[in-house]
Amino acid sequence: LARKLNRSSFSALKAPLKSDPAEYPLFASLINREFDLIGKNRYPGLVKVYEVTETSRAVPFMVLEYIPGITLDGVAQIDDYKLLLSLLSSISINLYYLRLLGISHGDMKPHNIFLPTGIDNFGIAPIQYSKISDFSLALRDGEPPTARLGQGTIGYMAPETIDRGELTHRSDIFALGVIAYKLATGKHPFIESETDPVRISAAVKEHQPTPPSQITPSLPRPFDELILAMMKKNPGERPVDGWSICEELAKLGSDYPYRKAIRPKHLLVAIPPGDAAAALNFPGFDFDWVITERLLDYCNNDMI
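Definitions and limits used
- Residues numbered from 1 in each chain as written.
- Predicted model: local features only at pLDDT ≥ 70, side-chain atom pairs only at ≥ 80, totals over all residues.
- Heavy atoms only, no water.
- 1 Å grid on protein atoms, 1.4 Å probe; cavity = no way out; pocket = protein on both sides within 12 Å on 5 of 7 lines; lining within 4 Å.
- Points joined across faces, edges and corners; volume = space filled by probe spheres on them.
- Helix = DSSP H or I, 4+ residues; strand = E, 2+ residues; numbered from the N terminus.
- Nonpolar A, V, L, I, M, F, W, Y, C, P; charged D, E, K, R; others polar.
- Salt bridge = Lys/Arg side-chain N within 4 Å of Asp/Glu carboxyl O.
- Buried < 20%, exposed > 50% of the residue type's maximum accessible area, 1.4 Å probe, protein only.
- Phe/Tyr/Trp six-rings, centres within 6.5 Å; stacked < 30°, edge-to-face > 60°.
- Pairing = 2+ DSSP bridges.
- Axes fitted to C-alpha atoms, helices over the stretch in contact; angles between N-to-C directions.
- Contact = heavy atoms within 4.5 Å.

## Brief notes about empty space enclosed by the protein
Taken as a whole, this structure holds three cavities of 30 Å³ or more when the rule is applied. Considered as a void within the structure, the largest cavity measures approximately 90 Å³ in volume. Every residue lining the largest cavity is counted, 13 residues in all, and those nearest its centre are G106, D107, M108, Y156 and M157. Among the elements that line the lining of the largest cavity, the one with the most residues is helix α4 (residues 169–185), at three residues. Looking at side-chain class alone, the lining of the largest cavity contains six nonpolar, five polar and two charged residues. Taken as a whole, the second largest cavity spans an internal volume of roughly 40 Å³. Sorting the residues of the lining of the second largest cavity by element identifies α2 (81–101) and α4 as the ones contributing at least two each. The element that contributes the greatest number of residues to the lining of the second largest cavity is α2, accounting for four residues. Tallied by class, residues from the lining of the second largest cavity come to five nonpolar, two polar and two charged.

Structure (structure tokens):
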């Protein structure tokens, strides 16, 4: 937690854990990579990155949005079914936004998801966002896997990432399935008491998780089907994107207003300067809604 001189607002700092100059170049590469990917983005479902500071003589660091509340690793299990669905919808629409930007996160895990209001106060009206952080291992569409500076976290990496270093938005969906399973059951689908990374990775590639409702009987069978589909070994068998997951969660009872989460102004960062027609190429986006929302923005939500 830090505050600039003569400013009242707080920011967060990301800096090396050890004061070892030998580690500074790699750390500088990671934070510069993150800044390059999302440094100009102000979508509320991402932790904002403000600036990177590095010199040959100083400790490199990055200035981030300060998020009160908790990260999702502080939540062992969610017993409130409606709350669980809303939270998963909020994360899913964030992943859909990343797909629109052409970015795969590559390290989706509970530690990298913030809940600014905590879990008990996470509601649906007005819309509340979960926030994804740490894009240092992310990948743009079209970049080779070698553009990444690491693979991800054991137990959350998808089988194709483990085997071939492949990363797509459906790899992030696999990780979200792991997160959802853990929140719904209190158990990791591939890690029990195992600590060996090789065996954990083998379980990710080979083990079929027990349906969540067999651990938490109050969960309905369709919920099982969605979460297990997200963790399919073959990425082509997983849900196509976060929007489709939101649609399925809505069928299961979620009333999270995901259709209102992404506004036209959030997409401007992905449109090349002078190329408004590029907006029409966003995959699967409802642009009739976008046009309506843009008009409402211009008239300050006054529909008269």
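## Points about the pattern of salt bridges
Side chains bearing opposite charge may pair, as long as their charged atoms lie close to each other. For the coordinates displayed, the defined rule picks out 16 salt bridges. Here E65 ties to K48 by a salt bridge, and the two come within 3.7 Å at their closest N and O atoms. Placement of the pair is E65 in strand β3 (residues 61–65) and K48 in the loop between α1 (24–38) and β2 (49–53), with a sequence separation of 17 residues. On the basis of relative accessibility, which here comes to 16%, the residue K48 falls in the buried class. Where D241 meets R99, a salt bridge forms, and the shortest distance between an N and an O atom there is 2.6 Å. Of the two residues, D241 is situated in the loop between α7 (221–230) and α8 (242–251) and R99 in helix α2; the sequence distance between them amounts to 142 residues. Of the residues examined, D241 reaches a relative accessible area of 7% and is grouped as buried. Taken together, the shared-partner salt bridges in this structure form one network comprising R33, D36, R140 and E143.

## A closer look at the packing of aromatic side chains
Counting across every chain of the model gives seven aromatic pairs. Note on Y96 and W243: the rings are 5.4 Å apart at their centroids and 50° apart in plane angle, and the pair reads as tilted. With Y96 in helix α2 and W243 in helix α8, this pair connects stretches of sequence that are 147 residues apart. By the burial criterion, Y96 is buried, and W243 matches it. Here W243 and Y258 contribute two aromatic rings whose centre-to-centre distance is 5.2 Å and whose plane-to-plane angle is 80°, an arrangement assigned as edge-to-face. Placement of the pair is W243 in helix α8 and Y258 in the loop between α8 and α9 (264–267), with a sequence separation of 15 residues. No difference in accessibility class separates W243 from Y258, as the two residues are buried. Aromatic rings pair up to connect Y43, Y97 and Y129 into one cluster.

## Focus on the sheet that holds strand β6 (residues 113–115)
Pairing is antiparallel across the open sheet formed by three strands, whose spatial order is β4-β6-β7. In this open sheet, the two strands that pair with only one neighbour each are β4 (70–71) and β7 (131–132). As paired elements, β6 and β7 share two bridges and run antiparallel to each other. Looking at the pairing, F114 lines up with K131 of β7.

## As for the sheet that holds strand β1 (residues 11–14)
Each strand in a sheet pairs with another by means of backbone hydrogen bonds, the pair being arranged parallel or else antiparallel. The strand order across the open sheet formed by three strands is β1-β3-β2, and the pairing between neighbours is antiparallel. Looking at which strands have only one partner, the edges of the open sheet turn out to be β1 and β2. Adjacent strand axes in the sheet meet at a mean angle of 20° when their direction is disregarded. The pairing of β2 with β3 spans four bridges and is classified as antiparallel. Across the sheet, residue E51 finds its bridge partner in β3, namely V63. Along the sheet, α1 makes contact with β1, β2 and β3, crossing β2 at roughly 145°.

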